[in-house]
Amino acid sequence: MSSQAHARTVALRWAGAICLAAFSAASMQAAAQNEQQDLVNAAETTLSNFTHDPDMTWLQRHFGDAKAVVIAPQVIKAGWIFGGAGGRAVVFARNGQTGRWVGPAFYNIGAASVGFQAGVSVSETLTLVMTQKGLNSLLANSVKLGGDASIAAGPVGAGANSDVTTDFVAFSRSKGIYGGLNLEGSVIGVANDWNRGYYGADVLPPDILITGNVHNAQSDHMAGALDRAMRIRTSSAQ
């Protein structure tokens, strides 16, 4: 084989390797985004469950007052004497100037508790972020609910007219031996790997929730669902 032919062969092999590497990277990126998008889709279902639950009228009436919302479609709590809970969550924030919802930023929820308990419970949770302090706490690497920021269980049913003045107001729906899920003491931490996978770059919560430097069009449907939830709130208050 001549030197020129050999050079062409080597060049073609390198070109093929580069194309394969690019294809593999794109495939991995798409797979990562699919996993994150599944969580966003599940969060939209959870949002619908809460905004159409007749026992959640407080949430529906005050949804438009929230600066952000934390939605965890599945938080699993299990234990015998020593218990723990964990799950993934998405956060959307409302732009103070435009009123539009931006996000999602991805987070992990973890908690540990000690007490006489048994069984397994799977809960879906929706937490309204009612204050600027609460929103700011989510911009850090992690926040401990009940420590770094105050949290209260949201009124349900007959408590719809109650006044709640905390940074976070949490609602949960669950099936299992535990019944409801108390998020006080839980730690919400930024899931940097999931944010990177969804946006294709290293991004921080302020980039997603405050400045809007990054955007994924796949989240637009969820943002629209949040807007519709506000309209439900407006009509229910009339």
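Structure first, text after, so check above.
Everything numeric here is computed off the predicted structure, so don't read it as measured data.

A. Representation of the pattern of salt bridges. Tallied over the entire structure, the rule returns three salt bridges. A salt bridge links E124 to R173, with the shortest nitrogen-to-oxygen separation between them at 2.7 Å. Of this pair, E124 sits in strand β2 (residues 101-129) while R173 sits in strand β5 (residues 168-176); the two residues are 49 residues apart in sequence, bridging distant segments of the chain. You can call R173 partly exposed: its relative accessible area is 28%.

B. Highlighting the side chain of T51. Mapped onto the secondary structure, T51 falls in helix α1 (residues 3-51). On the basis of relative accessibility, which here comes to 7%, the residue T51 falls in the buried class. Only 3.4 Å separates the side chain of T51 from the backbone oxygen of S48, close enough to count as a polar contact.

C. Local environment of the nonpolar core. Counting residues in hydrophobic clusters, the biggest one holds 57 residues, and the most contacted among them are L47, F63, V69, L128 and L138. Ranked by residues supplied to this core, first place goes to strand β1 (residues 68-94) with 12 residues. Apart from residues no more than four positions distant in its own chain, L47 is found in contact with F63, I71, L126, M222, A225, L226 and A229.

D. Summary view of the layout of surface pockets. Its volume calculated, the largest pocket comes out at about 270 Å³. Elements represented by at least two residues in the lining of the largest pocket include exactly β2 and α6 (220-237). Looking at the lining of the largest pocket residue by residue, the classes come out as six nonpolar, six polar and three charged.

E. Representation of the packing of aromatic side chains in the model. For the coordinates displayed, the defined rule picks out five aromatic pairs. A centroid spacing of 5.6 Å and a plane angle of 45 degrees characterise the contact between F63 and W101, whose relative ring orientation is tilted. A residue pair is termed long-range when its members are at least 10 positions apart, and F63 in the loop between α2 (57-62) and β1 and W101 in strand β2 qualify at 38 residues. Each member of the pair, F63 as well as W101, is classed as buried. Consider the rings of Y198 and Y199, whose centres lie 5.1 Å apart with planes at 85 degrees: the pair is edge-to-face. Looking at Y198, the relative accessible area reads 0%, which means it is buried. The exposure class assigned to Y199 is buried, which follows from its relative accessible area of 12%. Taken together, F106, W194, Y198 and Y199 form an aromatic cluster joined through their ring pairs. Geometry around F50 places R173 over its ring, the cationic atom sitting 5.8 Å from the centre.

About the criteria used
Residues numbered from 1 in each chain as written. Predicted model: local features only at pLDDT ≥ 70, side-chain atom pairs only at ≥ 80, totals over all residues. Heavy atoms only, no water. Salt bridge = Lys/Arg side-chain N within 4 Å of Asp/Glu carboxyl O. Helix = DSSP H or I, 4+ residues; strand = E, 2+ residues; numbered from the N terminus. Buried < 20%, exposed > 50% of the residue type's maximum accessible area, 1.4 Å probe, protein only. Polar contact = N/O pair within 3.5 Å; in protein donor to acceptor, adjacent residues only side chain to side chain. Core = buried A, V, L, I, M, F, W, Y, C linked by side-chain atoms within 4.5 Å. Contact = heavy atoms within 4.5 Å. 1 Å grid on protein atoms, 1.4 Å probe; cavity = no way out; pocket = protein on both sides within 12 Å on 5 of 7 lines; lining within 4 Å. Points joined across faces, edges and corners; volume = space filled by probe spheres on them. Nonpolar A, V, L, I, M, F, W, Y, C, P; charged D, E, K, R; others polar. Phe/Tyr/Trp six-rings, centres within 6.5 Å; stacked < 30°, edge-to-face > 60°. Lys NZ or Arg CZ within 6 Å of the ring centre and 35° of its normal.

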